[in-house]
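The primary structure of each chain is shown beneath.
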Amino acid sequence: MRLLLLMILTAALLFGGYWVFAAQMIERQGSAIMNNSTQLDGRLQPVTGFPLNFRTTIEAPVWRSHDGLSGWAASELALASASHQPNRISATFPASQTLRLGGIDMVLEARDMRGALALGADQSLRAADLQVARSDLGPAAPVTGMGRTALALHQIDGPRYAFDAQTQDLRLTPETLALVSPDASLPEHMDHLTLRAEAEFARPLPVQMPWPELQALDVIDARLDWGALQASMTGRLTRNATGMMDGQIQLVLQDWRPFHALLIANGILPPDAAMLAGMFLAGQAAPGTHAVTLPLDLRDQVLSLGPFALAQLPRF
């Protein structure tokens, strides 16, 4: 009996010592990361949760991009992990946050926003997840809000990661809608937007350093449900020798007519080519339907349908 009690006491002392040591390491390393980084800022509070958890709060957390055009800030960020899995970290976000996109600050009001990170022993990213029940954005944002949103990034092998994103009820501002759909043929609400892809980077994603460049992207399934515009895409993109992206994409439209009208309204199809393009699309439609499958080419970030350039994609 004494031996059993001695073993239990020894185990408790060892586990308690481990918790204290780990808590001190979390505080030291967390503070050092924020103090030494030009992109991160905030005040790390003492670690609590003995003995089963590590819990802390970062007060006034700030993240900013190297060029200062993008960023995020909040009043606090709550972090927690189980004592036996310190590399699996959960995050609880406050209701009100500030986003910076393109140098413009906007307020984000989010309901039940939670995230999770899983780190490897080498401090590379194994997995990241973000779940938001609903969010609303301030007047400077291109959208007024969105419904349930989920983002997930999971390591497949080495530098290859699976990416899954979906959002419901994406609500555009009138100004954004006027830019995208000048003829007002599309509603302000996107019912559903999803993307499933596999991304390959130059190396596994580090947690504390800038991410390496994306080398290739396999679009497994991308879907858009936006009023009369019902579309899906698959394809593969790769980075070329000049650092730009090339690739081929298969665009499937349930009805080519809203897509055709959108190209005309945005001036992508000149008036003298609109009728010819319409005849071409109608000729490609499946018998008895308006559904078409279109091969799109991407060369040096320029997305084209045959001889028609549809968009200049931003570099990523």
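Residues numbered from 1 in each chain as written. Predicted model: local features only at pLDDT ≥ 70, side-chain atom pairs only at ≥ 80, totals over all residues. Heavy atoms only, no water.

(A) Region of interest: the pairing of strand 17 (residues 302-305). Of the pairings in the sheet, the one linking strand 16 (residues 292-299) to strand 17 comprises 3 bridges and is antiparallel in character. Bridged to Asp297 within strand 17 is Ser304. Counting the residues in the hairpin turn of strand 16 and strand 17 gives 2 residues, including Asp300, whose phi is positive at 50 degrees. When strand 17 meets strand 18 (residues 308-312), the two strands line up antiparallel, connected through 4 bridges. Of the residues in strand 18, the one forming a bridge with Leu305 is Phe308. Count of turn residues in the strand 17/strand 18 antiparallel hairpin: 2 residues, of which Gly306 carries a positive phi of about 60 degrees. (Pairing = 2+ DSSP bridges. Helix = DSSP H or I, 4+ residues; strand = E, 2+ residues; numbered from the N terminus.)

(B) Expanded view of the packing of aromatic side chains. Applying the stated criterion across every chain, the model contains 3 aromatic pairs. Taking 6.0 Å as the distance between ring centres and 80 degrees as the angle between the ring planes, the aromatic pair formed by Trp72 and Phe93 counts as edge-to-face. With Trp72 in strand 3 (residues 71-74) and Phe93 in the loop between strand 5 (88-92) and strand 6 (96-101), the pair connects residues that are 21 residues apart, well separated along the chain. An identical accessibility class is assigned to Trp72 and Phe93; each is buried. An angle of 80 degrees between the planes, with centres 6.0 Å apart, marks the rings of Tyr161 and Phe201 as edge-to-face. Residue Tyr161 is found in strand 11 (residues 160-172), and its partner Phe201 is found in strand 12 (residues 189-201); the two are separated by 40 residues along the sequence. By the ring-pair criterion, three or more aromatic residues cluster together here, those being Tyr161, Phe201 and Trp211. (Phe/Tyr/Trp six-rings, centres within 6.5 Å; stacked < 30°, edge-to-face > 60°. Buried < 20%, exposed > 50% of the residue type's maximum accessible area, 1.4 Å probe, protein only.)

(C) Molecular detail of the side chain of Arg171. Its location among the elements puts Arg171 in strand 11. Overall, Arg171 belongs to the buried group, its relative accessible area being 9%. Excluding its chain neighbours within four sequence positions, the residues that come into contact with Arg171 are Arg134, Ser135, Asp136, Val143, Thr144, Gly145, Met146, Gly147, Glu188 and His189. (Contact = heavy atoms within 4.5 Å.)

(D) The arrangement of the environment of Gln131 in detail. Position of Gln131 relative to the elements: it lies in strand 8 (residues 125-137). For the pair Gln131 and Glu198, spaced 67 residues apart in the sequence, the C-alpha separation amounts to 20 Å. Every residue in contact with Gln131, bar those within four places of it in the chain, is listed here: Asp112, Met113, Arg114, Thr149 and Ala150.

(E) Representation of unusual backbone geometry in the model. Geometrically, the link from Phe50 to Pro51 is a cis peptide bond, its omega value of 5 degrees lying close to zero. Relative to the helices and strands, Pro51 is located in the loop between strand 1 (40-44) and strand 2 (53-64). One non-glycine residue, Asp112, adopts positive backbone phi at about 50 degrees. Within the fold, Asp112 resides in strand 7 (residues 104-119). With a phi close to 50 degrees, Asp300 is a non-glycine residue in the positive phi region. Secondary-structure assignment places Asp300 in the loop between strand 16 and strand 17. Owing to a relative accessible area of 39%, Asp300 belongs among the partly exposed residues under this scheme.

(F) Structural view of the nonpolar core. Counting 47 residues, the largest nonpolar core has Leu253, Phe259 and Leu294 as the members making the most contacts within it. Here this core gets 5 residues from one element, more than from any other, and that element is strand 13 (residues 214-226). Membership of the second largest hydrophobic core comes to 8 residues, among which are Ala74, Phe93, Ala110 and Met113. (Core = buried A, V, L, I, M, F, W, Y, C linked by side-chain atoms within 4.5 Å.)

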